[in-house]
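# Geometric and topological summary
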Amino acid sequence: MPKVKTSKWSKKEPPTGWDDIEPTLMEYEEMMREAENEPTTGKRKVESGWSVMQVHHKRSRYLYDMFYKKKAISRELYNYCVNRGYGDASLIAKWRKRGFEKLCCLRCIQPRDTNYGTTCICRVPKQNLEEDKVIECAHCGCRGCASTD
């Protein structure tokens, strides 16, 4: 995940509507800093990056909801935010496709990251899994992001 580029690095003025979403994006930025600086003692190796992935997901979902669901921001502002690193354009593009509405991260659908060349266990619908068994994704900590859940 790239660092967020702030307006001090660019001379371009932010589009109209930036003042409305800036406080929320700054809250997510603060949450990201806390997640990055969180101590990893007592955690498994795979668990250390889960909080960062969750904040990244929330921040991208916020932009997705504001642009596609609520239609509260303009395309210009949406592109401005994505270009500055506030949202993941690839993840948002997947959310627009049928069957990927609840996707947690892009690594969960990449077959090269699994042992058997399939998708992650969190993409399996809960009805097809054993009951009373807790499933967690090794990549992001997701407990199920199948669209049928």
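Heads up: the structure comes first, above all this text.
Overview of the structure. Because the structure is a prediction, the values reported are computed rather than measured. (Residues numbered from 1 in each chain as written. Predicted model: local features only at pLDDT ≥ 70, side-chain atom pairs only at ≥ 80, totals over all residues. Heavy atoms only, no water.)

## Details of the environment of lysine 102
Considering the arrangement of structural elements, one finds lysine 102 in the segment after α4 (89-95). Sequence separation between lysine 102 and arginine 61 is 41 residues, and the spatial gap between their C-alpha atoms is 9.8 Å. (Helix = DSSP H or I, 4+ residues; strand = E, 2+ residues; numbered from the N terminus.)

## With respect to helix α3 (residues 75-83)
Taken together, the buried positions of α3 are Leu77, Tyr78, Tyr80, Cys81 and Val82. Its buried side turned inward, α3 meets α1 (18-37), α2 (50-69) and α4. Immediately beyond the C-terminal end of α3, within one or two residues, lies glycine 85, with a positive phi of roughly 95 degrees. (Buried < 20%, exposed > 50% of the residue type's maximum accessible area, 1.4 Å probe, protein only. Contact = heavy atoms within 4.5 Å.)

## Overview of the packing of aromatic side chains
Considering all chains together, one arrives at 8 aromatic pairs under this definition. For the ring pair phenylalanine 67 and tyrosine 78, a centre distance of 4.6 Å and an interplane angle of 10 degrees mean the geometry is stacked. In this pair, phenylalanine 67 is assigned in helix α2 and tyrosine 78 in helix α3, connecting sequence segments 11 residues apart. An identical accessibility class is assigned to phenylalanine 67 and tyrosine 78; each is buried. With a centroid separation of 5.8 Å and an interplanar angle of 75 degrees, the aromatic rings of tyrosine 68 and tyrosine 78 are classed as edge-to-face. (Phe/Tyr/Trp six-rings, centres within 6.5 Å; stacked < 30°, edge-to-face > 60°.)

## Let's talk about the side chain of arginine 61
Within the secondary structure, arginine 61 sits in helix α2. Buried and without a salt bridge, arginine 61 has aspartate 65 as its closest oppositely charged side chain, separated by 4.5 Å. When sequence neighbours within four positions are dropped, the list of residues in contact with arginine 61 reads Trp95, Glu101 and Lys102. (Lys, Arg positive; Asp, Glu negative; His and termini not counted. Salt bridge = Lys/Arg side-chain N within 4 Å of Asp/Glu carboxyl O.)

## Observations regarding the packing of α2 against α3
When two helices pack together, their arrangement is given by the angle between the helix axes and by the axis-to-axis distance. Between α2 and α3, the least distance of the axes is 10 Å, while the angle of their chain directions is 165 degrees. Here α2 lies roughly antiparallel to α3, going by the angle between them. For the pair α2 and α3, the sense of crossing is left-handed. Across the interface between the two elements, Leu63, Phe67 and Tyr68 from α2 touch Arg75, Tyr78 and Cys81 from α3. (Axes fitted to C-alpha atoms, helices over the stretch in contact; angles between N-to-C directions. Parallel < 35°, antiparallel > 145°, perpendicular 65-115°, else oblique. Left-handed = near helix turned anticlockwise from the far one by under 90°.)

That is the geometry; function is a separate question.
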